[in-house]
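# A look at the structure
So you can see what is in the structure, the chains are spelled out below.
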Amino acid sequence: MDRHERYLQNLLGRGVYPRKELFVRLRRKGCERSTAEALLNRYEELGLIDDRAYAILFVDGHPDWSLRRIRDELRSRGVPSDLIVDAIEVADIDEEERAIRLAEGWRSVGIENRKIEGRLFRRGFPGDVVYRVLGDDVRRYDRPD
């Protein structure tokens, strides 16, 4: 077993990674492109690399993120679009319910709607969801023209 395979095993022993990220890490360690591809193919055949499982775990591990933010993050990590769609379908996410839960939690500790609005937008929730969750209160704020 060469040093690149040991490195790959070490990574996989510490967590779950998408194939693209493992490829990039191997290349950074000086592994030739063809060697990295061969290693990743072998480990994928063994079931040790599974982008579908990674996507499902990622979606489950980010219950406070919007669908858009989850999709964008998984895409940036190299997970194929069809696997992202599958993972989101498996999770059966109600985006509005997520936003309501977050807003209620923040309200319970005294955070103003104006600040909640910003937090929801930063987590990737679309405007229509944010405004439905917060109601007309958000639109009443005096904003500079």
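The rules behind the values
- Residues numbered from 1 in each chain as written.
- Predicted model: local features only at pLDDT ≥ 70, side-chain atom pairs only at ≥ 80, totals over all residues.
- Heavy atoms only, no water.
- Axes fitted to C-alpha atoms, helices over the stretch in contact; angles between N-to-C directions.
- Helix = DSSP H or I, 4+ residues; strand = E, 2+ residues; numbered from the N terminus.
- Parallel < 35°, antiparallel > 145°, perpendicular 65-115°, else oblique.
- Left-handed = near helix turned anticlockwise from the far one by under 90°.
- Contact = heavy atoms within 4.5 Å.
- Nonpolar A, V, L, I, M, F, W, Y, C, P; charged D, E, K, R; others polar.
- Patch = residues over 30% accessible without salt bridge, like charges linked within 9 Å, V, L, I, M, F, W, Y side chains within 5 Å.
- Areas by Shrake-Rupley, 256 points an atom, 1.4 Å probe, with all protein chains shown as cover.
- Salt bridge = Lys/Arg side-chain N within 4 Å of Asp/Glu carboxyl O.
- Lys, Arg positive; Asp, Glu negative; His and termini not counted.
- Charge placed at Lys NZ, Arg CZ, Asp CG, Glu CD.
- Buried < 20%, exposed > 50% of the residue type's maximum accessible area, 1.4 Å probe, protein only.
- Phe/Tyr/Trp six-rings, centres within 6.5 Å; stacked < 30°, edge-to-face > 60°.
- Lys NZ or Arg CZ within 6 Å of the ring centre and 35° of its normal.
- Core = buried A, V, L, I, M, F, W, Y, C linked by side-chain atoms within 4.5 Å.

## Description of the packing of helix 4 (residues 51–60) against helix 6 (residues 81–91)
- Two numbers describe how helix 4 lies on helix 6: the axes approach to 9 Å, and their chain directions differ by 45 degrees. Classified by the angle their axes make, helix 4 and helix 6 are oblique. Helix 6 is crossed by helix 4, and the crossing has right-handed handedness. Facing helix 4, whose interface residues are Asp51, Arg52, Ala55, Ile56, Val59 and Asp60, helix 6 presents Leu83, Asp86, Ala87, Ile88, Val90 and Ala91.
- Taken together, the residues of the contact of helix 4 with helix 6 sort by class into eight nonpolar, no polar and four charged.

## Considerations on unusual backbone geometry
- One non-glycine residue, Asp92, lies in positive phi territory at about 50 degrees.
- Mapped onto the fold, Asp92 is located in the loop between helix 6 and helix 7 (95–108).

## Notes on a negative patch on the surface
- A cluster of like negative charges, contributed by Asp92, Asp94, Glu97 and Glu104, occupies part of the molecular surface.
- Here Asp94 is to be found in the loop between helix 6 and helix 7.
- Judged by its relative accessible area of 45%, Asp94 is partly exposed.

## Observations concerning the pattern of salt bridges
- This structure, assessed with the given rule, holds twelve salt bridges.
- For the salt bridge of Arg42 with Glu5, the shortest nitrogen-to-oxygen distance reads 3.2 Å. Residue Arg42 is found in helix 3 (residues 33–45), and its partner Glu5 is found in helix 1 (residues 3–14); the two are separated by 37 residues along the sequence.
- For the salt bridge of Arg132 with Glu96, the shortest nitrogen-to-oxygen distance reads 2.8 Å. Of this pair, Arg132 sits in helix 9 (residues 127–134) while Glu96 sits in helix 7, and the two are 36 residues apart along the sequence.
- Put simply, Arg19, Glu37 and Glu44 are held in one network by salt bridges that share partners.

## A closer look at helix 4
- Residues of helix 4 that are buried include every one of Asp51, Tyr54, Ala55, Ile56, Phe58 and Val59, and no others.
- Buried residues in helix 4 make contact with helix 2 (19–28), helix 5 (67–76), helix 6 and helix 7.

## Overview of the environment of Ala38
- Mapped onto the elements, Ala38 comes out in helix 3.
- A C-alpha to C-alpha distance of 15 Å links Ala38 and Glu21, two positions 17 residues apart in sequence.

## Brief notes about the packing of aromatic side chains
- According to the stated counting rule, one finds three aromatic pairs in the structure shown.
- On the numbers, 6.0 Å between centres and 70 degrees between planes, the contact of Phe121 with Tyr131 is edge-to-face. Placement of the pair is Phe121 in helix 8 (residues 113–122) and Tyr131 in helix 9, with a sequence separation of ten residues.
- The exposure class of Phe121 is partly exposed, given its relative accessible area of 31%.
- Linked through ring pairs, Tyr54, Phe58 and Trp65 together constitute an aromatic cluster.
- For Arg69, the ring lying beneath its charged end belongs to Trp65, and the centroid distance is 3.9 Å.
- Sitting over the face of the ring of Trp106, Arg119 holds its NZ or CZ atom 5.1 Å from the ring centroid.

## A look at the nonpolar core
- Among the nonpolar cores identified, the biggest contains 15 residues, and Phe58, Val59, Ile70, Leu74, Val79 and Ile88 are the most heavily contacted of them.
- Secondary-structure elements contributing two or more residues to this core are helix 4, helix 5 and helix 6.
- Grouped together as the second largest cluster of nonpolar side chains are 14 residues, Leu26, Cys31, Leu39 and Tyr43 included.

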